[in-house]
Amino acid sequence: MAEQTSGAGLVQGVPPAERAPRAVADLYHAYFTGLILTLVSRRGSGDAARWMHAVFRHQHHEKFLSSFEKLGLSGMPHAVACAAYHYLSNSIGGVGVEFMKESDRKAWVRFVPPRWIYMGAAICGVPSEVSRGFLTGWYAQNGVSLKNPRLGFVCTAQTVDGQHGLAGYFMEYDHDLAPEERLIFRPGEMPPPFDPDAAPRLPAGDWTSERLARAYRNYAMEYVRSGLPQLMELFGETEGAHLGRLTGRMIGAQLYKDIASAAGVQNDDAEALAQLLAWIAEGEGDSASITRDGNSVLLSRTGWRLMRGIANPSQGVLEAWNGLIEGLAMVHNRFLTIDLIARVDHGAPQTIRRIQQRPHGAIVIA
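The structure contained in this document is the topic of the report that follows. Quick caveat, the model's predicted, so the values are computed rather than measured. (Residues numbered from 1 in each chain as written. Predicted model: local features only at pLDDT ≥ 70, side-chain atom pairs only at ≥ 80, totals over all residues. Heavy atoms only, no water.)

**Concerning the overall build of the chain**
If you tally the helices and strands in the chain, you get 9 helices and 9 strands. For 366 residues, the compact-globule estimate of 2.2 N^0.38 gives 21 Å, and the C-alpha radius of gyration of the chain, at 22 Å, lies within 12% of that figure. Considered along the principal axes of its C-alpha atoms, the chain spans approximately 75 × 50 × 45 Å. Counting all 366 residues of the chain, 52% fall into the buried class. Across the chain, contacts joining residues at least 24 apart in sequence account for 67% of those joining residues at least 6 apart. Across the chain, the mean location of the 35 positive side-chain charges is 1 Å away from that of the 37 negative side-chain charges. (Helix = DSSP H or I, 4+ residues; strand = E, 2+ residues; numbered from the N terminus. Rg over C-alpha atoms; globule rule 2.2 N^0.38 Å. Buried < 20%, exposed > 50% of the residue type's maximum accessible area, 1.4 Å probe, protein only. Contact = heavy atoms within 4.5 Å. Lys, Arg positive; Asp, Glu negative; His and termini not counted. Charge placed at Lys NZ, Arg CZ, Asp CG, Glu CD.)

**As for the packing of aromatic side chains**
Evaluated as defined, the whole model comprises 20 aromatic pairs. Ring centres of Tyr139 and Phe170 lie 5.6 Å apart, and the angle between their planes is 25°; this geometry places the pair in the stacked category. With a gap of 31 residues between them, Tyr139 in the loop between α4 (128-137) and α5 (142-145) and Phe170 in strand β4 (residues 166-172) connect regions that are remote in the sequence. Three or more aromatic residues joined by ring pairs form one cluster here, namely Phe32, Trp51, Phe56, Trp116, Phe134, Tyr139, Phe153, Phe170, Tyr219 and Tyr223. The cationic tip of Arg132 hangs over the ring face of Phe185; the distance from NZ or CZ to the ring centre is 3.9 Å. (Phe/Tyr/Trp six-rings, centres within 6.5 Å; stacked < 30°, edge-to-face > 60°. Lys NZ or Arg CZ within 6 Å of the ring centre and 35° of its normal.)

**Some words on the sheet that holds strand β8 (residues 336-342)**
The strand order across the open sheet built from 4 strands is β6-β7-β9-β8, with neighbouring strands paired in antiparallel fashion. What marks the edges here is a single partner per strand, and that holds for β6 (287-293) and β8. This sheet shows a mean twist of 25° between the axes of neighbouring strands, independent of strand direction. Here helix α9 (residues 315-332) sits on the sheet and contacts β7 (296-302), β8 and β9 (350-357); the angle it forms with β8, its principal contact strand, is near 155°. (Pairing = 2+ DSSP bridges. Axes fitted to C-alpha atoms, helices over the stretch in contact; angles between N-to-C directions.)

**Side note on the packing of helix α2 (residues 45-63) against helix α6 (residues 209-235)**
The contact between α2 and α6 brings their axes to 9 Å, and the two run at 125°. Taken together, the axis directions place α2 and α6 in an arrangement best described as oblique. Our pair here, α2 against α6, has a crossing hand that is right-handed. Residue-level contacts link Asp47, Arg50, Trp51, Ala54, Val55, Phe56, His58, Gln59, Glu62 and Lys63 of α2 to Glu222, Tyr223, Arg225, Ser226, Gly227, Gln230, Leu231, Leu234 and Phe235 of α6. Looking at the contact of α2 with α6 residue by residue, the class counts come to 8 nonpolar, 5 polar and 6 charged. (Parallel < 35°, antiparallel > 145°, perpendicular 65-115°, else oblique. Left-handed = near helix turned anticlockwise from the far one by under 90°. Nonpolar A, V, L, I, M, F, W, Y, C, P; charged D, E, K, R; others polar.)

**Side note on the pairing of strand β1 (residues 97-103)**
Here β1 pairs with strand β2 (residues 106-111) via 6 bridges, running antiparallel. The partner of Lys101 across the bridge, within β2, is Ala107. Joining the antiparallel neighbours β1 and β2 is a turn of 2 residues.

**Here's the deal with unusual backbone geometry**
Look at the link from Pro113 to Pro114: it is a cis peptide, with omega at 5°. Tracing the chain through its elements places Pro114 in the loop between β2 and α4. With a phi close to 55°, Lys147 is a non-glycine residue in the positive phi region. By relative accessible area, which is 74% here, Lys147 ends up exposed. The backbone phi angle of Asn312 is positive, close to 50°, even though this residue is not glycine. Locating Asn312 in the fold gives a position in the loop between β7 and α9. Classification of Asn312 by relative accessible area gives exposed; the value is 74%.

**Focus on helix α3 (residues 78-92)**
The first and last C-alpha atoms of α3 sit 21 Å apart over 15 residues, in line with the 21 Å expected at 1.5 Å per residue. Counting buried residues in α3 gives 13 out of 15 residues, a clear majority hidden from the surface. (Expected span 1.5 Å × (residues − 1).)

**Quick word on α2**
Counting along an α-helix, one turn takes 3.6 residues, and residues three or four places apart therefore face a common direction. Taking 1.5 Å per residue as the helical rise, α2 with its 19 residues ought to reach 27 Å, and the 26 Å between its terminal C-alpha atoms agrees with that figure. Taken together, the buried positions of α2 are Asp47, Ala48, Ala49, Trp51, Met52, Ala54, Val55, Phe56, His58, Gln59 and His60. The elements touched by buried residues of α2 are α1 (16-43), α4, α5 and α6.

The structure is reproduced here in structure tokens:
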């Protein structure tokens, strides 16, 4: 039996204006999951856990407090506000999550399988140590950021340990917590039933369907935006770029048929590839143009929204990210070459790629 792919299922039922952002979200979602598995399989669970901690620590530092007002959480008791934050911010990204308030000082959150971060069967390749990395990087830091030394998180279940989901509660104690008490594990405690009507809601009127569509895309992109620089910082630019590029090539190749189908790609020539990459760029929030240059096609991309706000990302970040483009191109037509001839991270106003037919008899060395 031939292999089946979901094709346009990525954007089935999605309004035309939202299809590219939705496909971009799925591409970056898979890329982030792939990065986790690449680190586990090639560097071990210890390094993968260090990276997870660093990624979520960076995101916590950038997003946690700044989002309180946007999500309507100001003025809530801290334990409740934290659980509400994780419920709302993850729901926006399409994650299955529950919120249960027991009191002003104790509130639960539960991430329901299928787990977004470990898509599909990938969850079987994620050790418990790696899953704990994002708890130490974010959940253990909430009380510190809120300047509440009595606030901690109790983890009661982890999906990667074969349990009912990732679950736990934020608790405000009667005493200040030592650093090692900000996150503790207490397997077996069961969260109360989830009542959707009692869960917090986004501020009415502020979150239009268009804003929610952008937030859905940005949710997935943010993980890669944080993850690629941390690869370079933890493992060095050469190794980080290699790991990111390798993962990108695999994910781009694996998702090509779905992405191309969502974009309506009909041909496998250089111009069709340029049109696909321009569609992806616009779905990310950048602009792109296509021109002919003799026998080649030039794709010029203005902006790099993925790294907006990251000061001077190392050149290894773009090289890692470029692996996604290479992976897509390999399956689109393996007889095409795609070369970077200008880069925004080198000061150019645009990132420009030349796409052309590979010389007959050329040997490919990735």
